[in-house]
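The chain contents come next:
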Amino acid sequence: MSELKKGPLFITNTITRQKEEFKPLNPPHVGLYVCGPTVYSDVHLGNVRSFTTFDVLYRWLTFLGYKVRYVRNITDVGHLVDDVDAGEDKIAKRARLEQLEPMEIVQKYTNGFHDVMRLFNLKDPSIEPTATAHLIEQIGMVDRILKNGYAYEANGSVYFDVPKYAEKFAYGELSGRKIDELIANTRDTEGMEEKRSPLDFAIWKRADAHHLMKWPSPWGEGFPGWHLECSAMSTKYLGPTFDIHGGGMDLKFPHHECEIAQSVAADGIAPVRYWMHGNMLTVNGRKMAKSEGNGFTPEELITGNHKLLEKGYSAMTVRFFMLQCHYASTLDFSNEAMQASEKGLDRMMKAIDLLPKLKPGAADEADIVALEQRCHGAMNDDLNTPVMIAELFEGVRIINSVNDGKLALTAASIERLKSLFFSMVNDVLGIRMEEGPADQAKDDKALEGLVREFIRMRAEAKAQRDFAASDAIRDKLSAVGIILKDSKEGTTWERA
RNA sequence: GGUCACGUGGCCGAGUGGCUAGGCACAGCUCUGCAAAAGCUGCUACAGCGGUUCGACUCCGCUCGUGACCUCCA
């Protein structure tokens, strides 16, 4: 058993805009923080793409042997509908609309989120902290920022003093923004009188008497600002500086920019060493977003019950479709592309099914070790899943050729190929193999026996060269969704 | 308006200063009684215009087009 060439891993650090070698702070431990959902509505496919990106990152780091502490939060308070005037909380607003207690909303959509994560085979994070369970930490952080002079209290709210911070630190370095331009581009809005600068953002917000979600604080009853929870919880579980912070591109500004500012202002140290941002899922060239009305839920996707969908697609097909595109590129959803992925995945799964049946030969006519190294190399090159999948299709060709007796592989190479596919497809890409479209009904004993009997009858007809009868059997089975395939070794069947 | 991306063959999508991405579709061939599957082969592209270079799809500039962020968003 030769040593696998697994390293080094390069990832694009969005704060430097460069591909950098990943070196954890305290190897073999890796701290990974990913911005989770705000649980006030159903997640849509665009959200799934983002979480899938970091799921694969988590899986790959684990595969490389790192001990990853993966923190993905649930935002259950503090996410303002409008930061400027009313300051109503998204969850509170939803609660009012649905006439539910805010925590009912949180529970409902948290459950829904978890269902979707399971459906798409996303691994659970090591810690899934909620904002409401970390009020103490958040208040503590506000306090530190105040004490350090980077925030001010106004009328029961506390605002982060961006211009003051920018005197000493590089506010805007992540998103590439310049503070003068930001000020120049600010629109006049209502209710800004409390803020000294339009760029300032709330880290603690006073709650009115009728406000549903509020907690006592040194500044009165209120609730934490949106950006604060991630800073407070990442600091608590991963330390003041940790390895990787991930999220969607659309969180870069202002959310992640504010996170950096908060951590630096509170603890005097940059919180994150590698920032990673996943790109958007688009539909007809436009970002999938609730406001566009072009999003569909995973349920609609699977049933095909949506005007943009010609048919339903399985969760694993969707996952495969997403991974055929690099995470940093936009990915455009279309029925044509989905069907291409569905067929490609199907072909791959059928090849995987053949793996245990391959007959070893005396020599190797394909280099499995090299294939393996190319797979690993693709992943180490900024998680290039599309290239890795392309390599796997090379493996598919090899498997089929060996199966056809056109290519020889030794028993050892077959074993290696088997474990390569298992680790890359199942462990790293997170495609559940048993759910391959290939054979869902194979464990149905009665059906298997029935089809076998038809195959036997058809073989008899064929032996007597009664092709009309044999074709009739095949056609009728085909009409009920059973496809027969003849080969030298006999006839096999599968579901259409 | 400001900032930043992107524009690849019929479709989706990688990548690189000179050498085949891959998937799907299509065509031909092999196999087969026929079909399906599988394999082989073919179709061979990098928005436009300039520039740098021995050589650019890959670097630079401009033009056109598209998108994202600047307000909540994965």
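Residues numbered from 1 in each chain as written. Chains lettered and ligands numbered in written order. Predicted model: local features only at pLDDT ≥ 70, side-chain atom pairs only at ≥ 80, totals over all residues. Heavy atoms only, no water.

All right, on to the overall build of chain A then. Assigned secondary structure in chain A consists of 16 helices and 15 strands. Projected onto its principal axes, the C-alpha positions of chain A cover 95 × 55 × 35 Å. Counting only residues that meet the buried cut, chain A has 52% of its 496 residues in that class. Sequence separation of 24 or more characterises 74% of the internal contacts of chain A that already satisfy a separation of 6 or more. Split by element, the accessible area of chain A, about 22,700 Å² in all, is 51% carbon and sulfur. Considering chain A, the positive charge centre built from 61 side chains and the negative charge centre built from 72 side chains are found 4 Å apart. (Helix = DSSP H or I, 4+ residues; strand = E, 2+ residues; numbered from the N terminus. Buried < 20%, exposed > 50% of the residue type's maximum accessible area, 1.4 Å probe, protein only. Contact = heavy atoms within 4.5 Å. Areas by Shrake-Rupley, 256 points an atom, 1.4 Å probe, with all protein chains shown as cover. Lys, Arg positive; Asp, Glu negative; His and termini not counted. Charge placed at Lys NZ, Arg CZ, Asp CG, Glu CD.)

Put simply, the largest pocket is a space of about 1,000 Å³. Lining the largest pocket are 30 residues, and of these Leu354, Lys357, Asn403, Ser487 and Thr492 lie nearest its centre. Looking at the lining of the largest pocket, the element that brings in the most residues is helix α11 (residues 335-354), giving six residues. Class assignment for the residues of the lining of the largest pocket results in seven nonpolar, seven polar and 16 charged. When residues of the lining of the largest pocket are assigned to domains, at least three map to each of domain 2 (313-435) and domain 3 (445-495). (1 Å grid on protein atoms, 1.4 Å probe; cavity = no way out; pocket = protein on both sides within 12 Å on 5 of 7 lines; lining within 4 Å. Points joined across faces, edges and corners; volume = space filled by probe spheres on them. Nonpolar A, V, L, I, M, F, W, Y, C, P; charged D, E, K, R; others polar. Domains from an automatic or database assignment.)

Another point: the packing of aromatic side chains. Summed over all chains, the structure comprises 17 aromatic pairs. Geometrically, the ring pair formed by Tyr33 and Phe242 is tilted, given 6.3 Å between the ring centres and 55 degrees between the ring planes. Of this pair, Tyr33 sits in strand β3 (residues 29-34) while Phe242 sits in strand β9 (residues 242-248), and the two are 209 residues apart along the sequence. Just as Tyr33 is buried, Phe242 falls in that class too. Their ring planes at 45 degrees and their centres at 4.6 Å tell us that Tyr58 and Tyr70 sit as a pair that is tilted. In this pair, Tyr58 sits in helix α1 (residues 45-63) while Tyr70 sits in strand β4 (residues 67-72), placing the two residues 12 residues apart along the sequence. Of the two residues examined, Tyr58 and Tyr70, each falls in the buried class. Of the aromatic side chains, those joined through ring pairs into one cluster are Tyr150, Phe160, Tyr165, Phe169, Tyr171 and Phe201. Here the guanidinium or amino end of Lys164 rests over the ring plane of Tyr150, the centre of that ring lying 5.4 Å away. The ring of Tyr152 carries Arg196 above its face, with NZ or CZ at 3.9 Å from the centroid. (Phe/Tyr/Trp six-rings, centres within 6.5 Å; stacked < 30°, edge-to-face > 60°. Lys NZ or Arg CZ within 6 Å of the ring centre and 35° of its normal.)

This paragraph deals with empty space enclosed by the protein. Applying the stated criterion to the full structure yields one cavity of 30 Å³ or more. Approximately 90 Å³ is the volume found for the largest cavity. Residue lining of the largest cavity: Arg49, Thr52, Thr53, Val56, Met322, Leu323, Cys325, His326, Tyr327, Leu383 and Thr385, and that is the complete set. When residues of the lining of the largest cavity are traced back to their parent elements, those giving at least two are α1 and α10 (315-323).

Within the open sheet, the four strands sit side by side as β5-β6-β7-β8. Their pairing is antiparallel. Two strands lie at the open edges of the sheet, namely β5 (151-154) and β8 (222-224), each paired on one side alone. Taken over all neighbouring pairs, the strand axes of this sheet differ in orientation by 20 degrees on average, direction set aside. Judged from the four bridges that link them, β5 and strand β6 (residues 157-160) form a sheet pairing that is antiparallel. Among the inter-strand pairings, Ala154 is bridged to a residue of β6, identified as Ser157. Together, β5, β6, β7 (201-206) and β8 form the strand contacts of helix α4 (residues 135-147), whose direction differs from that of β7 by roughly 120 degrees. (Pairing = 2+ DSSP bridges. Axes fitted to C-alpha atoms, helices over the stretch in contact; angles between N-to-C directions.)

Spatially, four strands are ordered β4-β3-β9-β10 in an open sheet, and the strand pairing comes out parallel. Bordering the open sheet on either side are β4 and β10 (272-278), each of which pairs with just one other strand. Each strand axis lies, on average, 20 degrees off the axis of its neighbour in the sheet, ignoring direction. Examined bridge by bridge, β3 and β9 share three bridges and lie parallel to one another. When the sheet's bridge partners are listed, Leu32 is paired in β9 with Ile244.

Next up on the list: unusual backbone geometry. Cis geometry is found at the peptide bond from Pro27 to Pro28, where omega equals 5 degrees. When you line up the elements, Pro28 lands in the loop between β2 (18-21) and β3. The phi angle at Asn284 is positive, at roughly 50 degrees, despite the residue not being glycine. Secondary-structure assignment places Asn284 in the loop between β11 (281-283) and β12 (286-287).

In this section: the environment of Asp89. With respect to the secondary-structure elements, Asp89 resides in the loop between β4 and α2 (90-98). For the pair formed by Asp89 and Met213, sequence separation is 124 residues and the distance between their alpha carbons is 8.3 Å.

Turning our attention to the confidence of the model for chain A. Of all residues in chain A, 94% have pLDDT values of 70 or greater, and the mean over the chain is 89. This model gives residues 1-5 a pLDDT under 50, and the stretch forms seven contacts once residues within four places in sequence are excluded. Long-range and interchain partners of residues 436-440, a stretch whose pLDDT sits below 50, account for 10 contacts in this model, where long-range means more than four residues apart. (pLDDT = per-residue confidence, 0-100.)

A few words now on the domain arrangement of chain A. As assigned here, chain A comprises domain 1 (10-278), domain 2 (313-435) and domain 3 (445-495). Centre-to-centre, using C-alpha coordinates, domain 1 lies 59 Å away from domain 3.

Further remarks concern helix α12 (residues 368-380). Between its first and last C-alpha atoms α12 spans 18 Å; for 13 residues at 1.5 Å apiece the expected length is 18 Å, and the two agree. For α12, the set of buried residues is Ile368, Leu371, Glu372, Cys375, His376, Ala378, Met379 and Asn380. Taking the backbone nitrogen of Val369 as reference, a side-chain oxygen 3.2 Å away marks Asp367 as the first, capping residue of α12. Within two residues after α12, Asp382 carries a phi angle of roughly 60 degrees, on the positive side. (Expected span 1.5 Å × (residues − 1). Polar contact = N/O pair within 3.5 Å; in protein donor to acceptor, adjacent residues only side chain to side chain.)

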